[in-house]
Amino acid sequence: MDAESVIGLGIIGYVSMFMIVIGVVSYRKKTPCGFWSGVEPPKPGQVSDIAAYNRKHGIMWIVYGAGMTGTYLAGVLFGDVFTGAMISGAVAVGGIFVLALCHNHLEKKYVKK
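Residues numbered from 1 in each chain as written. Predicted model: local features only at pLDDT ≥ 70, side-chain atom pairs only at ≥ 80, totals over all residues. Heavy atoms only, no water.

This brings us to the overall build of the protein chain. For the protein chain, the count of helices and strands is 3 helices and 0 strands. Oriented by its inertia axes, the alpha-carbon framework of the protein chain measures out at about 55 × 25 × 20 Å. Classification of the 113 residues of the protein chain by burial places 33% in the buried group. Sequence-distant contacts, at least 24 apart, represent 70% of the contacts inside the protein chain between residues at least 6 apart. A total accessible area of about 6,900 Å² is found for the protein chain, and carbon and sulfur atoms account for 71% of it. Between the mean site of the 10 positive side-chain charges and the mean site of the 6 negative ones, the protein chain shows a separation of 21 Å. (Helix = DSSP H or I, 4+ residues; strand = E, 2+ residues; numbered from the N terminus. Buried < 20%, exposed > 50% of the residue type's maximum accessible area, 1.4 Å probe, protein only. Contact = heavy atoms within 4.5 Å. Areas by Shrake-Rupley, 256 points an atom, 1.4 Å probe, with all protein chains shown as cover. Lys, Arg positive; Asp, Glu negative; His and termini not counted. Charge placed at Lys NZ, Arg CZ, Asp CG, Glu CD.)

Bringing the packing of aromatic side chains into the picture now. Applying the stated criterion across every chain yields a total of 5 aromatic pairs. Pairing Phe 35 with Trp 61 gives two aromatic rings, centres 5.8 Å apart and planes at 40°, and the pair type is tilted. Placement of Phe 35 in the loop between helix H1 (3–28) and helix H2 (50–78) and of Trp 61 in helix H2 is noted, with a sequence separation of 26 residues between them. Just as Phe 35 is buried, Trp 61 falls in that class too. Ring centres 6.1 Å apart and planes at 75° place the aromatic pair Trp 61 and Tyr 64 in the edge-to-face group. (Phe/Tyr/Trp six-rings, centres within 6.5 Å; stacked < 30°, edge-to-face > 60°.)

Ile 12, Met 19, Phe 35, Met 60, Trp 61, Tyr 64, Met 68, Tyr 72, Val 76, Ala 92 and Leu 99 form the largest nonpolar core, which has 11 residues in total. Looking at this core, the elements that each hand over two or more residues are H1, H2 and helix H3 (81–110). With 6 residues, H2 is the largest single contributor of residues to this core. Setting aside its immediate chain neighbours within four residues, Trp 61 contacts Met 19, Ile 20, Ile 22, Gly 23, Phe 35 and Leu 99. Within the second largest apolar cluster, 7 residues are counted, among which are Ala 52, Tyr 53, Leu 106 and Tyr 110. (Core = buried A, V, L, I, M, F, W, Y, C linked by side-chain atoms within 4.5 Å.)

The terminal C-alpha atoms of H1, which comprises 26 residues, lie 37 Å apart, in line with the 38 Å expected from a rise of 1.5 Å per residue. Buried within H1 are the following residues: Ser 5, Gly 8, Ile 12, Ser 16, Met 19, Gly 23 and Ser 26. Buried residues along H1 sit in contact with H2 and H3. (Expected span 1.5 Å × (residues − 1).)

Turning our attention to the environment of Trp 36. Topologically, Trp 36 is positioned in the loop between H1 and H2. C-alpha of Trp 36 to C-alpha of His 103: the two residues are 67 residues apart in sequence and 9.4 Å apart in space. Leaving out residues up to four positions away in the same chain, Trp 36 has contacts with Ala 100 and His 103. Reaching out from Trp 36, the side chain makes a polar contact with the side chain of His 103 at a distance of 3.5 Å. (Polar contact = N/O pair within 3.5 Å; in protein donor to acceptor, adjacent residues only side chain to side chain.)

Take a look at the structure:
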């Protein structure tokens, strides 16, 4: 790995670390976790299975963070820094939409209105 790759890995790893920490905190939380900034999470009485709801949200964030780092590494190993950055960027942007879709699915499945 050249210097550019190491610097890129450090940056993407730093950003991914926050996503993974959000996932671990969500996974271990005892009350329903939130997803959207500024929106109150559901009340404990509104969620049918709090542990499953939180675990699935946590796993979602952990996979998102690990996916950004993993795709960057794969791009660097099989191409170059630019390829790694582009693939990782596509995962980061596309992953936001996937996270939102998964969250909406979990809301429909576990939250009573």
